[in-house]
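# Chains, contacts and geometry: an overview
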Amino acid sequence: MEGQTWECDAVFPFHQRVALEPACVATARRFVDQTLTTWGTLGLAFDAQLVVSELVTNAMRHGGGAAQLRLLSHGAELACVVTDHSRTVPVATAPDVFSEFGRGLRLIDALCTAWGWLSPGDARKLVWAVLAA
């Protein structure tokens, strides 16, 4: 499927030099907002921006940097897919009220109908999350 584009398919490639910079999270949120505005699905924008922020942040912290963000819309569902430079499996940590980190995947789990990851065979992985309208 990679490289193919459908009517409700948008891809944002992160440049290697900024893939580990915190500013790439804000860039990803703007891409979500612009794309969903174009598609006329602004009702999902807030939750989608939050989910993408968590996915991109995890790619920066644990995946060697974000490589690509892809948004796929089909019917009443929106898939957010972030590709990073690692095959390390994402793990939701046990809740800790005093911890500064570790809530991202639990937040994604609460907002999304499903989430998971794929390792396509090379030195990267795709982490995806599906939001319902």
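Residues numbered from 1 in each chain as written. Predicted model: local features only at pLDDT ≥ 70, side-chain atom pairs only at ≥ 80, totals over all residues. Heavy atoms only, no water.

### Notes on the packing of aromatic side chains
Overall, the coordinates contain three aromatic pairs when judged by the stated rule. On the numbers, 5.1 Å between centres and 85° between planes, the contact of Phe12 with Phe14 is edge-to-face. In this structure Phe14 comes out as buried when scored by relative accessible area, which is 9%. Judged by centre distance (5.4 Å) and plane angle (40°), the ring pair of Phe12 and Phe31 falls under tilted. Here Phe12 is found in strand E1 (residues 9–13), whereas its partner Phe31 is found in helix H1 (residues 23–39), with 19 residues between them in sequence. By relative accessible area, which is 12% here, Phe31 ends up buried. An aromatic cluster is present here, built from Phe12, Phe14 and Phe31 joined pairwise through their rings. (Phe/Tyr/Trp six-rings, centres within 6.5 Å; stacked < 30°, edge-to-face > 60°. Buried < 20%, exposed > 50% of the residue type's maximum accessible area, 1.4 Å probe, protein only. Helix = DSSP H or I, 4+ residues; strand = E, 2+ residues; numbered from the N terminus.)

### Observations concerning the pairing of strand E2 (residues 66–74)
The pairing of E1 with E2 spans five bridges and is antiparallel. Bridge pairing in E2 links Ala10 to Leu71. Pairing geometry for E2 and strand E3 (residues 77–84), over eight bridges, is antiparallel. Within the sheet, the bridge partner assigned to Ser73 lies in E3 and is Leu78. The turn joining E2 and E3, which pair antiparallel and follow one another in sequence, is formed by two residues; a positive phi near 60° is taken by Gly75. (Pairing = 2+ DSSP bridges.)

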